Amino acid sequence: MEKLMTRIVFGLMALIVILWIFDQKAQAATLTTHAKTILKIELEENNINDKEQVKQIMCLAENIYFEARAEGESGKAAVGNVVKNRIADSRWPSTYCDVIYQGPTRESWKTRGKDVAEQDRVFWPVKHRCQFSWYCDGKKDVVWANYEKTGQVIEGNARAWKDSIQLAIYITGWGKLVINDNTHGAVFYYNHNLVSPYWAGSKEYIGVLGNHTFMK
């Protein structure tokens, strides 16, 4: 009974933290019901209920998911490791969320020019001017782990989201396992099937993992 009560209490704490995170303006994506459930389970299994830790894990998990959800675990881990490598480099911000959301912003029409407290103003990234394309492509970002009308689980997306959360927990160092840097210090990457960036020629080539070319 005592163990059951402990699990219930911890579950409620994790849920409160998750709801708090969803209420923050920095939250980039919308999660379906099953996506929220997956997140709650993974946080519970790793005993994570600190608000700041959950926030940073969410930022990294979303970035891994939207940048590499079709990749295998090594491809997903590589995307996460690039963010981690940037944190260790003075050219970039010092947290996962700040690295991922880095770029120019514009104030929303909802608060621009209005008598609103500074902390309540809403800002959005300038289209196609951020570090990771999914965040500022002008499209709504949703982790579709299930169809909300029917509740049917979308297996591929649900599995990719679970993998993304697990890798984010391990890469940030708050999980039970350690993920080594499989990019050998990369701080840049691009999808060579879709783009040929102008800056690639000035960077040091490291290698290819899945759909991405990694550089530093």
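In the block above lies the structure referred to throughout.
Fair warning: this is a prediction, and the values are worked out from it, not measured in the lab.

Trainee: Tell me about the overall build of the chain, and please be specific about residues and values.
Mentor: Broken down by element type, the chain carries 6 helices and 7 strands. If you list the helices and strands of the chain from N to C, you get α-β-α-α-α-α-β-β-β-α-β-β-β. Going through the 216 residues of the chain one by one, you find that 43% of them count as buried. Of the contacts formed within the chain by residues at least 6 apart in sequence, a portion of 62% connects residues at least 24 apart.

Trainee: Residue-level account of the packing of aromatic side chains, with values.
Mentor: Here the structure, examined in full by the defined rule, presents 10 aromatic pairs. For the pair W92 and F188, a centre-to-centre distance of 5.6 Å together with 70° between the ring planes defines the contact as edge-to-face. Remark: F188 occurs in strand β5 (residues 188-191) and W92 occurs in the loop between α4 (73-87) and α5 (96-100); sequence separation between them is 96 residues. Residue W92 is classed as buried on the basis of its relative accessible area of 12%. We classify F188 as buried; its relative accessible area is 12%.

Trainee: Report on the layout of surface pockets, specifying residues and quantitative values.
Mentor: Quantified by volume, the largest pocket comes out at close to 1,000 Å³. Among the elements of the structure, α3 (51-68), α4 and β5 are those that each provide at least two residues to the lining of the largest pocket. Within the lining of the largest pocket, the residues separate by chemical class into 20 nonpolar, 6 polar and 9 charged.

Trainee: Please give an account of the side chain of R86 that cites residues and values.
Mentor: Locating R86 in the fold gives a position in helix α4. For the buried R86, which has no salt bridge, the nearest side chain bearing the opposite charge is D89, at an N-O separation of 8.0 Å. Among the polar contacts made by the side chain of R86, one reaches the side chain of Q131 at a distance of 2.7 Å.

Trainee: Go over the pairing of strand β6 (residues 205-209) with me, naming the residues and quoting the values.
Mentor: In this sheet, strand β7 (residues 212-215) lies alongside β6 in antiparallel orientation, the contact comprising 4 bridges. Bridged to L209 within β7 is H212. Between β6 and β7, which pair antiparallel in sequence order, lie 2 residues; one of them, G210, sits at a positive phi of approximately 60°.

Trainee: Could you give me a rundown of the state of the cysteines, with the residues and numbers involved?
Mentor: All chains considered together, the criterion is met by 2 disulfides. Between the sulfur atoms of C59 and its disulfide partner C97 the distance amounts to 2.0 Å. Measuring handedness by torsion sign, the sulfur bridge of C59 and C97 sits at about 95° and is right-handed. Residue C59 is located in helix α3, and its partner C97 is located in helix α5; the two are separated by 38 residues in the primary sequence. With relative accessibility at 4%, the residue C59 sits in the buried group. A sulfur-sulfur separation of 2.0 Å characterises the disulfide bridge that pairs C130 with C136.

Rules used throughout
Residues numbered from 1 in each chain as written. Predicted model: local features only at pLDDT ≥ 70, side-chain atom pairs only at ≥ 80, totals over all residues. Heavy atoms only, no water. Helix = DSSP H or I, 4+ residues; strand = E, 2+ residues; numbered from the N terminus. Buried < 20%, exposed > 50% of the residue type's maximum accessible area, 1.4 Å probe, protein only. Contact = heavy atoms within 4.5 Å. Phe/Tyr/Trp six-rings, centres within 6.5 Å; stacked < 30°, edge-to-face > 60°. 1 Å grid on protein atoms, 1.4 Å probe; cavity = no way out; pocket = protein on both sides within 12 Å on 5 of 7 lines; lining within 4 Å. Points joined across faces, edges and corners; volume = space filled by probe spheres on them. Nonpolar A, V, L, I, M, F, W, Y, C, P; charged D, E, K, R; others polar. Lys, Arg positive; Asp, Glu negative; His and termini not counted. Salt bridge = Lys/Arg side-chain N within 4 Å of Asp/Glu carboxyl O. Polar contact = N/O pair within 3.5 Å; in protein donor to acceptor, adjacent residues only side chain to side chain. Pairing = 2+ DSSP bridges. Disulfide = S-S within 2.5 Å.

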